[in-house]
Amino acid sequence: MIQAFGLTSNPRKDLPPAVDDVSFDARAGHVTALLGAAGAGKTTALRLMLELQQGRGITYFRGRPLHRIAHPSREVGVLLGDVPGHPARTVRGHLRMLCAAAGVPVRRADEVLEVVGLVSLRDERLGTLSRGMDRRLGLACALLPDPHTLVLDDPADGLSGRETRWLHSMLRAHATQGGTVLLTVADPKEAARNADRVVTLEQGRLVADQDAAEFARTRLRPRVAVRSPYAARLADLLAKEARAAQRSVEVVREGGNRLSVYGSTCADIGEAAFRHGILVHQLADEVGDMGPGAGDVPRTGPTAEALRLGEAKVGQPDAGQVVQMRDEPHATGRDRHAEVGQVLQQRADTSAAGGNGHADAGQVPAARDDSIVAGGERHADGSQVSQTRDDSRAAARDRDVDAGQNLRLPDVTHSAGSDGRPEAAAHAPTAPSAHPRPASTVPVPAQNSRPAEARSADPLSPLPPPISVRPAPSPLRPLRYEIRRAAGIGTGFLVAGAVLLASALTAVLTARIGHTPQARLLAAWPWELPLPPAALGAGLLGALAFGDEFRHPALAADRGTVPRRLGLLVAKLLVATATALTLAILTVGCDAEVLYVVYGRELTEVPGDWPALGASWTGLVVGCAWAGVLAAGVFRSTTAGLAAVLAVPVVVVPLVQKALAGSSVRTAAGFPLRLRETLLLQWPFGGERYLSAVARVIAQPVGGAMTLSLTALLCAYVLTTLRSRVR
């Protein structure tokens, strides 16, 4: 079950917050739709619930906020936008990589592929998937850890009718098994068809929270869509005939040559147009949308022109009466209370002989208000609910909701006051109340319980707790995740092949020119190059380890960042070390073989000091790989990581050489002996000699520059990690 309380986003400069004090529930075993037009605040509300955006409020997932859940992916499956995987990775490889991140067995990838119907496409690249297949893959990623709750942002966007039906059947199956499903939709008819409960947002505020059946009754209404080049003439004609026949018919001019006619049929409209010679281009039955506030608050429409037809004179009970309400964004200068519901349309009672009249002009049951009142529970009287308004201060009354009671709804008529606002006049028939929500122990301020001026000046002053954006959790199996990430695409193999080819060509050309030591020939490192191809390739692969994470953030698709965790860093450094060592050994072997084939055995003899040369070579290649990993992690870019690798010989080495230049009055002779005396330990297997060799390597300009660069990058990585955690 999801319980959201007081969700409020931070204000945007001079604009009001995108989401303002939104509270609702999504029950287990049900599909809940968050309905609203573009810009209504649906995505912002989801991001606040998932703690992806700063603001105020709190959301409980089965009684716990998200940051209190040890493994959030196993509790909440999220689909926000497209799948941000590497386009060269296969569908199956992407899911296997996420299995390591979620800590589930790798066979789970094949299971969800079969569930979502992607078994035949498991070897396809992500970049080649269609929109529908990408949505299926996104659902597979959300279902991979087998979560209890699914949170989906407009999952049917861009899908065909068949794919949309399949998607909603999958979500219905998950809810049937006891899971909770919360999704955002923009089409009210889609929400009524596929959801059990509909929560309606309008310009960041909750305007209705209803069962699907109640939502369909209060907001969706049959109508006839008409298109004619003589729309105004046809509207006047329909008004005249309805008035003569004393029928309740409503005509709404939608703009241009389109009309929406309520309370009539295609046959009646077509016959009227034919009798008067009016050309009609379209005549079709539709289900009309009454707007976000249908059944909740009366509205007046600033765009659509309503023709009230069939209005009777005073004293004629046979005439029906229709009053159309449209949406108005905000009631200026007034603070609207959370109301139980008001009737959108009313009709005078017909005479006993006239019967019930037209059903289309009948009363529409009003929607129940589900807003939460701060500091108490809601109380409902069995016969009547009264509310009072005050422009300066809104008084919130405690109301108790009984699941078995019916709410007496206030009727609404238009008054002739100066402000033109509707006033409560009589009482309409009762409407059954929806499922009561369980009383919460968290105090939540009443929605819209303050004056509008106070809300606009200080939108975050009531007490929903602040929402802090936390970094994404680290993979549960980081080493396995990093191995699958690196081996799942062909970039590493292409870079390694390019390095070996460039090294072989460089070695052959350098040997032909001459004047190059044998050790540099085997490493393909002429004096003119700042680094050998193998070191550059290792640095590039290290930079890609973090650069690809930021470019295609599979670990934190909704956050757009990468978790800065020690386990993930160690895993990336270990994989980069193994890759660099492999590349260093293959480079020397390939260069030696090519030199032997081209020039003979003379250039392939093993040097006498090969242990020291080998240690220096591997240290250089591994150091470049580490520099690429750390720099890409600090600067969040592959290019920055490679630039840091190149900066070591170009910038840092000259600085170190300049610092070490000149005569020295003291030397480090006898360093191993003094080290043994200091530690009071006998190093096994002559370990002091190796330690001394490492010290000599660091004392060289290149070794010292590499050590200095790695130390600086590691400190920068730790500082940025601590800074992000403190924030």
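Above this text is the structure in question.
Trainee: Break down the overall build of the protein for me, citing the residues and quoting the values.
Mentor: Along its length, the protein carries 21 helices and 19 strands. Looking at the protein as a whole, 47% of its 727 residues are labelled buried. Taking the intrachain contacts of the protein between residues at least 6 apart in sequence as the baseline, contacts between residues at least 24 apart amount to 74%. Of the roughly 35,100 Å² of accessible surface on the protein, 57% is carried by carbon and sulfur atoms.

Trainee: Before we move on, could you go through the nonpolar core and cite the residues and values that matter?
Mentor: Within the largest apolar cluster, 49 residues are counted, with the highest numbers of intra-cluster contacts made by L95, L137, L139 and L171. Among the elements of the structure, β3 (31-35), α3 (91-102), α4 (107-116), α5 (131-143), β6 (149-153), α6 (161-176) and β7 (180-185) are those that each provide at least two residues to this core. Residue contributions to this core peak at 8 residues, all from α3. Counting residues in hydrophobic clusters, the runner-up holds 43 residues, among them A545, A625, A632 and L713.

Trainee: So, unusual backbone geometry: which residues are in play, and what are the values?
Mentor: The phi dihedral of E51 is positive, around 60°, even though this residue is not glycine. Under the relative-accessibility criterion, E51 is labelled buried at 10%. The residue A524 is not glycine, and still its phi comes out positive at about 55°. Inspection of the secondary structure assignment puts A524 in the loop between α14 (518-523) and α15 (533-551). By relative accessible area, A524 is classed as buried at 1%.

Trainee: Please provide a residue-by-residue account of the environment of A534, values included.
Mentor: For A534, the location among the structural elements is in helix α15. Linking A534 and V588, residues 54 residues apart in sequence, is a C-alpha distance of 9.3 Å. Leaving out residues up to four positions away in the same chain, A534 has contacts with V499, S503, L583, T587, W617 and V621.

Trainee: Describe the packing of aromatic side chains, and please don't skip the residues or the numbers.
Mentor: A complete count under the given rule lists 3 aromatic pairs for this structure. Centre to centre, the rings of F5 and Y60 are 6.1 Å apart; their planes meet at 70°, and the pair counts as edge-to-face. A residue pair is termed long-range when its members are at least 10 positions apart, and F5 in strand β1 (residues 2-9) and Y60 in strand β4 (residues 55-61) qualify at 55 residues. Y60 shares its class with F5; the two are buried. Between the aromatic rings of F546 and Y717, the centroid separation amounts to 6.0 Å while the plane-to-plane angle is 40°, which identifies the pairing as tilted. One end of the pair, F546, is in helix α15; the other, Y717, is in helix α21 (residues 701-726), and 171 residues separate them in sequence.

Trainee: So what about the pairing of strand β11 (residues 250-255)? Which residues, and what values?
Mentor: Judged from the 5 bridges that link them, β11 and strand β12 (residues 258-262) form a sheet pairing that is antiparallel. Each bridged residue has a counterpart across the sheet, and for R253 the counterpart in β12 is L259. Between the antiparallel neighbours β11 and β12 lie 2 residues, among them G256 with a positive phi of about 70°.

Trainee: Explain helix α12 (residues 478-487) to me, using residue names and the numbers behind them.
Mentor: It helps to recall that an α-helix has 3.6 residues per turn; residues three or four apart then point in one direction. Buried residues of α12: P478, Y481, E482 and R485, and no others. Around the axis of α12, the buried residues are gathered within 95° of arc, so they sit on the same side. Where α12 is buried, its residues meet α3, α15 and α16 (566-599).

Basis of the calculations
- Residues numbered from 1 in each chain as written.
- Predicted model: local features only at pLDDT ≥ 70, side-chain atom pairs only at ≥ 80, totals over all residues.
- Heavy atoms only, no water.
- Helix = DSSP H or I, 4+ residues; strand = E, 2+ residues; numbered from the N terminus.
- Buried < 20%, exposed > 50% of the residue type's maximum accessible area, 1.4 Å probe, protein only.
- Contact = heavy atoms within 4.5 Å.
- Areas by Shrake-Rupley, 256 points an atom, 1.4 Å probe, with all protein chains shown as cover.
- Core = buried A, V, L, I, M, F, W, Y, C linked by side-chain atoms within 4.5 Å.
- Phe/Tyr/Trp six-rings, centres within 6.5 Å; stacked < 30°, edge-to-face > 60°.
- Pairing = 2+ DSSP bridges.
- Arc of directions from axis to C-beta.

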